[in-house]
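Structure assessment
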Amino acid sequence: MITYLTVTFNSEGAKPSDVVDRLHAIGFRPMKGNYDFEYEWDKKATIKDTIWFADKIHATLRGLNVLFKLETR
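Summarised in this report is the structure supplied together with it. (Residues numbered from 1 in each chain as written. Predicted model: local features only at pLDDT ≥ 70, side-chain atom pairs only at ≥ 80, totals over all residues. Heavy atoms only, no water.)

A short note on the pattern of salt bridges
- Evaluated as defined, the whole model comprises 4 salt bridges.
- In this structure, Arg29 and Glu38 form a salt bridge, with 2.4 Å as the shortest nitrogen-oxygen distance.
- The class for Arg29 is partly exposed, based on a relative accessible area of 42%.
- Accessibility expressed as a relative area gives 16% for Glu38, which makes it buried.
- Two residues, Arg29 and Glu40, come together in a salt bridge whose shortest N-O distance is 3.8 Å. Here the residue Arg29 occupies a position in strand 2 (residues 29-30), and Glu40 occupies one in strand 3 (residues 37-40), the gap between them amounting to 11 residues. (Salt bridge = Lys/Arg side-chain N within 4 Å of Asp/Glu carboxyl O. Buried < 20%, exposed > 50% of the residue type's maximum accessible area, 1.4 Å probe, protein only. Helix = DSSP H or I, 4+ residues; strand = E, 2+ residues; numbered from the N terminus.)

Quick word on the nonpolar core
- Judged by nonpolar contacts, the single largest core of 16 residues is most densely connected at Leu5, Val7, Val19, Leu23, Phe28, Ile57 and Leu61.
- Listed by contribution, the elements that provide at least two residues to this core are strand 1 (2-8), helix 1 (16-25), strand 3 and helix 2 (47-61).
- If one sorts the elements of this core by residue count, helix 2 sits on top with 3 residues.
- Beyond its immediate chain neighbours, meaning those up to four positions away, Val7 contacts Val19, Leu23, Asp36, Phe37, Val66, Leu67 and Phe68. (Core = buried A, V, L, I, M, F, W, Y, C linked by side-chain atoms within 4.5 Å. Contact = heavy atoms within 4.5 Å.)

Focus on the packing of aromatic side chains
- Here the structure, examined in full by the defined rule, presents 8 aromatic pairs.
- Seen from their ring centres, Phe28 and Tyr39 are 5.8 Å apart, and the 55° between their planes marks the pair as tilted. With a gap of 11 residues between them, Phe28 in the loop between helix 1 and strand 2 and Tyr39 in strand 3 connect regions that are remote in the sequence. The burial state of Phe28 is the same as that of Tyr39; both residues are buried.
- Members of the aromatic cluster, each reached through a chain of ring pairs, are Phe28, Phe37, Tyr39, Trp41, Trp52 and Phe53. (Phe/Tyr/Trp six-rings, centres within 6.5 Å; stacked < 30°, edge-to-face > 60°.)

Written as structure tokens, this is what we have:
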């Protein structure tokens, strides 16, 4: 399974490079295309897993003044 992440930056928020560094620290890889980042699960994630991960992403991005959208397939 893969979780895709799209980030919307704010000119009053953190630098994109700082956002990339934080997301990389929790396992995301930057990518080209329809999404900005991807995270490849080492198992078949449950709904509970994806909610836990969304909370982790939220905590990681807290204070950076960015919006994010997730999609797990």
